[in-house]
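Report on the structure
Listed below are the residues making up each chain.
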Amino acid sequence: MVLLNTALAHPFSEEQAERKRELERKLAYDTEKLNLLETSLDKTNRLTEQMQAMLASFDNRLSKLENFILPIHRSTQKLTRLHTNIDLALAQIDNFTGTFDVIKQHEAVVTKGPRGIELQTYLVSIAKLKESLHSLEAAKYKSSERTVQGLKATLWNGIRQLDEMFTATLQAASDAIDPAVYLSDDESPAIPDAKLVELQNLANALADSLVEIGPISAFIKQYEDVRSAHLIKVMAGVSQSAKDQELKSVNQRGTYQKGSSLLVPYGKTLLRALNSEHLLHLKIVPKHHAVTTFVATISAAVDGFLDACETMLNRVRRNIQRREINDVYMLIDVWDDLSDMFSRHAALQAYCGKKGHEIDVVLGNASATVISYFKEIYDEFKTDSEKKQSALSVDGTVHETTSMTMNTLKRLLDFSHAMDHMIINSQGKTGSFPATSFPDFISKMVESLLTDLETKSKGYKRPTLTTLFLLNNYHYILKSIKGTKSLAESIGPDVLDSLEKSIKRQLDVYRNSWMPIIEHLMDTTKISDQGKIVTSLSKAQRETIKDKFKAFNKDFDELFQTQKAYAIPDVELRAQVVKEVKQVLLPMYNRFHDRYTEVEFSKNKEKYIKYDKDALAQTLDKFFDASS
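Residues numbered from 1 in each chain as written. Predicted model: local features only at pLDDT ≥ 70, side-chain atom pairs only at ≥ 80, totals over all residues. Heavy atoms only, no water.

Brief notes about the overall build of the protein chain
Note the following rule: Think of it this way: any DSSP run of H or I at least four residues long counts as a helix, any run of E at least two long counts as a strand, and we number them from the N terminus. When a residue's accessible area, from a 1.4 Å probe over protein chains only, is under 20% of the maximum for its type it is buried; when over 50% it is exposed; and in between it is partly exposed. Two residues qualify as a contact provided that any one of their heavy atoms is within 4.5 Å of a heavy atom in the partner residue. Using a 1.4 Å probe, accessible areas were evaluated by the Shrake-Rupley method; residue-level cover was limited to the displayed protein chains.
A count of helices and strands for the protein chain gives 22 helices and two strands. Expressed as a percentage of the 628 residues in the protein chain, the buried residues total 40%. Counting contacts in the protein chain only where the partners sit at least 6 residues apart, residues at least 24 apart contribute 77% of the total. Looking at the protein chain as shown, the accessible area adds up to about 35,400 Å², and 55% of this sits on carbon and sulfur atoms.

Some thoughts on the confidence of the model for the protein chain
Regions with low pLDDT carry predicted coordinates that are not meant to be interpreted in detail. Put simply, the rule reads: What pLDDT expresses is the predictor's confidence in each residue, scored from 0 to 100.
The predicted model of the protein chain averages 83 in pLDDT, with 81% of residues at 70 or higher. Per-element confidence in the protein chain is highest for helix α16 (residues 463-482), whose mean pLDDT is 94, and lowest for strand β1 (residues 528-529), whose mean pLDDT is 51. This model gives residues 1-10 a pLDDT under 50, and the stretch forms zero contacts once residues within four places in sequence are excluded.

A look at the packing of aromatic side chains
What counts here: Side-chain rings of Phe, Tyr and Trp (the six-membered ring for Trp) are treated as a pair once their centres are within 6.5 Å; stacked means planes under 30 degrees apart, edge-to-face means over 60, and tilted covers the remaining angles.
Inspection of the entire model under this criterion finds 23 aromatic pairs. Measuring from centroid to centroid gives 5.3 Å for Tyr460 and Phe469, while their planes differ by 55°, and the two rings are tilted.

As for the nonpolar core
Note the following rule: To define a nonpolar core, start from buried Ala, Val, Leu, Ile, Met, Phe, Trp, Tyr and Cys residues and group those joined through side-chain atoms within 4.5 Å.
If you look at the biggest cluster of nonpolar residues, it comprises 144 residues, and the most contacted ones within it are Phe166, Ile332, Phe374, Met419, Phe441, Trp514 and Leu585. Ranked by residue count, the leading element in this core is helix α8 (residues 290-321), at 13 residues. Apart from residues no more than four positions distant in its own chain, Ile332 is found in contact with Val370, Phe374, Leu412, Phe415, Ala418, Met419 and Met422.

Describing the packing of helix α14 (residues 416-426) against helix α15 (residues 438-457)
In a pair of packed helices, the angle between the axes and the distance between the axes together describe the arrangement. Defined as follows: Axes here mean lines fitted to C-alpha atoms, for a helix over just the part in contact, with angles spanning 0 to 180 degrees between N-to-C directions. Here is the rule for angles: anything less than 35 degrees is roughly parallel, anything more than 145 is roughly antiparallel, 65 through 115 is roughly perpendicular, and the remaining ranges are oblique. Ten residue types, Ala, Val, Leu, Ile, Met, Phe, Trp, Tyr, Cys and Pro, are classed as nonpolar, four, Asp, Glu, Lys and Arg, as charged, and the remainder, Gly among them, as polar.
As a packed pair, α14 and α15 sit with axes 8 Å apart at the nearest point and diverge in direction by 90°. When the axis of α14 is compared with that of α15, the two are roughly perpendicular. Two secondary-structure elements touch here, α14 through Ser416, Met419, Asp420 and Ile423 and α15 through Phe438, Pro439 and Phe441. Split by residue class, the contact of α14 with α15 holds five nonpolar, one polar and one charged.

Regarding the side chain of Thr369
Along the chain, the position of Thr369 falls in helix α11 (residues 354-382). In this view, Thr369 contacts Leu313, Arg317, Ile320 and Leu331; residues no more than four positions away in its chain are not counted.

A few points about the pattern of salt bridges
Put simply, the rule reads: Salt bridges, as used here, are contacts in which a Lys or Arg side-chain nitrogen is within 4 Å of a carboxyl oxygen on Asp or Glu.
Within this structure, the stated rule accounts for 23 salt bridges. Across the pair Asp557 and Lys610 runs a salt bridge whose closest N-O atoms are separated by 2.5 Å. Note that Asp557 is positioned in helix α20 (residues 539-563) and Lys610 in the loop between α21 (571-597) and α22 (613-621), a separation of 53 residues in sequence. Residue Asp557 is classed as buried on the basis of its relative accessible area of 18%. Its salt-bridge partner being Asp621, residue Lys582 comes within 2.6 Å of it at the nearest N-O pair. Highlighted residues: Lys582 in helix α21 and Asp621 in helix α22, separated in sequence by 39 residues.

Section: helix α7 (residues 263-284)
Our working definition: The span you would expect from a helix comes to 1.5 Å times its residue count less one.
Under the 1.5 Å per step criterion, the end-to-end length of α7 is 31 Å for 22 residues, consistent within 8% with the ideal 32 Å. Summarising burial for α7: 16 of the 22 residues are buried, a large majority.

Observations regarding α14
Heads up, the condition is: As used here, the arc is the angular range of directions from the helix axis to the C-beta atoms.
Taken residue by residue, α14 has Ala418, Met419, Met422, Ile423 and Ser426 as its buried positions. Projected down its long axis, α14 carries its buried residues within an arc of 130°, all on one side. Those residues of α14 hidden inside the fold are in contact with α9 (326-343), α11, α13 (400-412) and α15. Following α14 by one or two positions, Gly428 adopts a phi angle in the positive range, close to 85°.

Quick look at a nonpolar patch on the surface
Here is the rule: Within the patch definition used here, like charges are joined within 9 Å and nonpolar side chains (Val, Leu, Ile, Met, Phe, Trp, Tyr) within 5 Å, considering only residues with over 30% relative accessible area and no salt bridge.
A cluster of nonpolar residues, Leu62, Leu65, Phe68, Ile69 and Ile72, forms a patch on the protein surface that exposes about 500 Å² of accessible area. The topology assignment puts Ile72 in helix α1 (residues 2-112).

Digging into the packing of α9 against α13
Keep this limit in mind: By convention, the crossing between two helices is left-handed when the near helix turns anticlockwise from the far helix through less than a right angle, and right-handed when the turn is clockwise.
One way to put it is that α9 packs onto α13 with a least axis distance of 11 Å and a crossing angle of 20°. When the axis of α9 is compared with that of α13, the two are roughly parallel. As for the relative orientation of α9 and α13, their crossing is right-handed in sense. Two secondary-structure elements touch here, α9 through Asn326, Tyr329 and Ile332 and α13 through Asn407, Thr408, Arg411 and Leu412.

Looking at the environment of Lys482
Topologically, Lys482 is positioned in helix α16. For the pair Lys482 and Leu496, spaced 14 residues apart in the sequence, the C-alpha separation amounts to 9.0 Å.

Structure representation (structure tokens):
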């Protein structure tokens, strides 16, 4: 057992010994390596100490070097700045002396003036002197103050000479335009291109001077004065013609012919002048002065036109109060043409500022005057007053109001387009006419006229005269409408139907007025027996027949004497009225006449049978004829 354990233990000890030896070798190796590291560390420490010593030495030397170099560097910088300042001073001196050279070179040109040299050369000299002035003012050298003042004086003198040249050139260019050109559609009233370029150059130079030097140039005011005078000259001819026409009396003017008012060519000429001025204005006047300068330039010319319009309008209003309708047609025509012309140049009119607005106002007043006139008549027709019933003719003829109204409506057909626009534009405004269109206007006027006639007819004491008055007027209105195609087309069928019914109703009334006379021709006297005529009548029967003839003759004669003084001026209507009477009277009279002609109701039958059948018909034909 002991042997076995010994045998087993022996191998294990060998392995341990081997491992121990291995470990000892590694330990020896590591020990050797550690010694090498310690040796290297010692060397590194020594080198570090040496490096620190060297760096400390370098730092000390650099500090000494800096202390030595810094004063030198500062001195160098100072010298550099001094050199730069010297260069700048020399440059400024060169520039300053150069400015004087430029002044000397161009001052003589400017002082001499623009006449006799190229305009561009003169403008270049002006520009150079401006640059020199700005340079001297920027330098602010006390020694140059006198030079600055002298230079300003030279520039101001040069600008004034440019002003004078601008004014003279603009005046000459404006005078060269024949005012008659503005009246023609074939030519354009414009300044020639060469002169326009010269004016533009002058205007640009003067406009720059306003900004750069100050308000020493008056070229804008000069432009306004020259061009304003030119426009007044242009408008003088048409203005005077319009005034001469305005001064004529109503009789001298006569019946107004469409398109004959001289205010229309006046307005047309004004528009051409404004348009020409606007184009020139945009090319010459600086933008920031544009609107105010344009308004100032055109004011006098526009005011002349507005004065002419106001004068015409005031005269029309006065004549309207006297019921002189002729001027109303003229006003409608003028409004139509002028409003159309100015509406096609709305942008130009807006550019005219307050003057454009004043043109709108006067045109609006013209339209309002026309509408107000017809509205007044319309309202007057609708009014029931005793005054209407007092001013009637004694014969029941067509009333002056009827003929005047229908003639007015027919005449207005020539201005239907203008009236339509006036009526539509007046809608919603104070005093507008109660119509939506021109045809509606005509219908309303006819309807109100019929109302007026009904009112007037109440002034007649005799019913028959009332009937004939209405009949005459109704027929005149209907005939006027049907005789004018465009008038008939404008009036609604309801109005025509109402008129025809009114005429028929008055005819019936007049025919019925004869019934009292016809009643004399009705009798029940028996004058036949079994087909034989009874020639012997009782005294009572004879007296009845005599009384009937006497009553008929008396009433008929009285009616004839009365109604022959009545008037039915229309031949067709007169014939129709007489026919209506004949249709009811003659059959009755002829029967009565034939019935008693053969009967001996009196020894002197001629005394009672005053009219034979033909004589009665002929007498009826003489009714409504004062010469009978």
